[in-house]
Structures are given as C-alpha cells and as structure tokens.
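# Structural features, examined
Chain residues, written in single-letter form:
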Amino acid sequence: MTAVSENRSNTAAPTNNASRARRRHPAVLVTMIVLLAAGALLSATLGHYPLSAGEIVSVLRDPNDPATADVAQIFYQVRLVRIWAAIMVGAALALAGAAFQAVFRNPMVSPDVLGASGGAGLGAALGLLFALGTTTTQTLSFVFGLAAVAVVFVVDRAVDPRGGSILTLILTGMVVAALCSALISLVKYVGDPENKLPQITFWLLGGLSAVRSVDLIVLGGALLVAGIPLTVLRWRLNALSFGDDQAQALGINVAVVRGTTIAAATLLTAAAVSVAGVVGWVGLIIPHLARILVGPDNRYAMPAATLLGALFLLAVDDVARSASSIEIPLGVLTALLGAPVFLYLLAAGRRRGWL
C-alpha cells in the first residue's frame, strides 16, 4: 500500500508542476504586454530632442494645440512612427524565427535560413543602384525576398523530386543565400563609391531612420496575413516535433502545415527586411529566450517570442538613436548583443540538456 501511494505521489508531482507552469504562462504574456507598453512610453521621451512625460500627455490630450505644435509634430510624425516600426519589425522577425525553428525542429535556424533576407537585400541593393526611389526599392526588396525562397523550393524539388527532406531544403537555402550575397557584393562593386556604395552599405546594416507611415501598413499587413495561419497551426507544429510519421498518425497533413508555416514566416521576414534592412540575431535568440520563459509548447512560445522580439528591438532602437550623436545601425547593435547572449544560451543548453 505504501509503495502504491509513493508511485501515485511521484506521478502526481510532474503533473502538478506542468499545471502550475501552464497557469503561469498567461501571467508571463501579460507581463510582457505591460513591459512593452511601458517601453513604448519611455521610447517616446528619448531621442536627440527629448520629450517630457508632461509634453507627451499634452499632445495626446490636444494634438492641435498651437502651444505644443512642435512637440506634436515630433511625437506623431517621427517618434510614434518609429516606435511602431521597431515593435512590428521585432515581432515579425522573432515570430518568423520561432516558426522556422518549430517547423525544421532545429534551434539553430533563423529567418534567413531559406535565403529570404539575402534575396530582400539583393532587391534593395538593385533598387538603390538604379535610384528607383524609396517605395520601388522597398517593393523590389520584398519581392526578391519572396522570390529567393521560391527558388529554394524549385531547386529543392529538382534535386529531390519526392521532396520531404528538411536537410536538402536547408542546404538549398544556404546555397541561394550565398548566391544572393555574392550578387550583392557585385552590385556594391559596380556602384558609385561616392554615392551608391554608402547607401547600399548603410541599408544592409539595418535601421529605422528612414521609416515612413506607409511602412507601418506593410508591416501590419504582413503580421496580420502571416500571424493568423501561424496562430491556427501552433498545436500542429507541436505535433511536428515528434517527427513526420507521428504527426501523420495524428491526422496532420505535414506537407500543408510545413508549406504554410514556411510561406508565412517568409512573408514576415521579407516585409521586415524590406522596411528595416538586414537586422540579424533577433529571429535566432529571441525564440530561445521565449522557450526559457514559457517552455517549448508553441501555443505559448510563439506569442511569447512575438512580444519579446518587439520589446527587444524597441530597446535596441532606443540605444541606436540615443547613445551617440550619430545613429548606430540596428544590425550592428543586435549582433553585439545577440552574439554573447547566444553563446550563453548555447553553453547553458549543453549543461541542461536543451541542445
């Protein structure tokens, strides 16, 4: 009788721990939302032209007050647009990274694994080389990002007609990304070193200094169009973690789920890169941090990654535009912060058996 009681007690302990963890997840997500709102308010006060909390309250209360016209212009036309852009770009890259890592069952995967970032960078470089204008350049970047992933699938199917090999798909993505990188280097080589080359180089480093209100529509549309299927497919991505055979045994169409997830994550990546340039590390390290906070269940890990990515890039952009008289490129800061964090996660993961 005692042994039976002990067994029941041992069985109940993990169940109780899991239940407590599930009850904690909504609290973690709500805390992230509160922190994101507080971070946005703080960001509104920062910059080369600081704004006080009282001035922000004044322009929110009466945007047309002549006494605060300068403050209103800075807040609504510059500061608020940039805050929303940082939130959306960070959310898009982190959600894309979480989706790619889930569908490929690989924690080392990032949003540029299938060449979306490289293709978007190539499109932007061509647009800047031929001086096509901001809107056309961003459109070209977006289209090239999607086209690069389409090329990956075409080549993958040519190499492996039956499809289904994740390794072949990733290797093909690496080849296409390398090809895009080589073409970008060629564009930079033939570009005017006094004018075009600095523009291309600065754009590839990433940044939100040139963001416009219309860019928010692009980012918001991408988040909406891609976020809906990813939200619906979260539990199916959990099933994919057990392998294709087990997922099919549960009645899941693996090809449809994988294809839809990759398409949605590619859309997010291309939209983010077309607006902000190449901003690395966000889609790689943020999903790891999200899983540490809420566990590997994609029903919670993907929303957590989205919120955490928005909060992270908002904070990084604050540093980028406030730390010095010259704005620091976002890609430089995310690499400086992301590389040591990832090394720590890698070491911790090896010690604790995560990797």
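Bear in mind that the values here come from a model prediction, so they are computed numbers and not experimental data.

The rules behind the values
Residues numbered from 1 in each chain as written. Predicted model: local features only at pLDDT ≥ 70, side-chain atom pairs only at ≥ 80, totals over all residues. Heavy atoms only, no water. Axes fitted to C-alpha atoms, helices over the stretch in contact; angles between N-to-C directions. Helix = DSSP H or I, 4+ residues; strand = E, 2+ residues; numbered from the N terminus. Parallel < 35°, antiparallel > 145°, perpendicular 65-115°, else oblique. Left-handed = near helix turned anticlockwise from the far one by under 90°. Nonpolar A, V, L, I, M, F, W, Y, C, P; charged D, E, K, R; others polar. Buried < 20%, exposed > 50% of the residue type's maximum accessible area, 1.4 Å probe, protein only. Polar contact = N/O pair within 3.5 Å; in protein donor to acceptor, adjacent residues only side chain to side chain. Contact = heavy atoms within 4.5 Å.

### Some words on the packing of helix α3 (residues 69-104) against helix α13 (residues 298-322)
At a closest axis distance of 7 Å, the pairing of α3 and α13 adopts a crossing angle of 140°. Compared by their axis directions, α3 and α13 come out oblique. Viewed along their axes, α3 and α13 form a crossing whose handedness is right-handed. The residue inventory of the contact of α3 with α13, partitioned by class, reads 15 nonpolar, four polar and four charged.

### Quick look at the side chain of Thr261
Considering the arrangement of structural elements, one finds Thr261 in helix α11 (residues 254-276). With relative accessibility at 1%, the residue Thr261 sits in the buried group. At 2.7 Å, the side chain of Thr261 and the backbone oxygen of Val257 are in polar contact.

### Remarks on the packing of helix α12 (residues 282-294) against α13
Where α12 meets α13, the closest approach of the two axes is 8 Å, and the angle between their N-to-C directions is 125°. Put simply, α12 runs oblique to α13. Like other packed secondary-structure pairs, α12 and α13 cross with a definite hand, here right-handed. Together, Val282, Ile285, Ile286, Pro287, Leu289, Ala290, Arg291, Leu293 and Val294 of α12 and Tyr300, Ala301, Ala304, Ala305, Leu308, Gly309, Phe312 and Leu313 of α13 make up the contact between the two elements.

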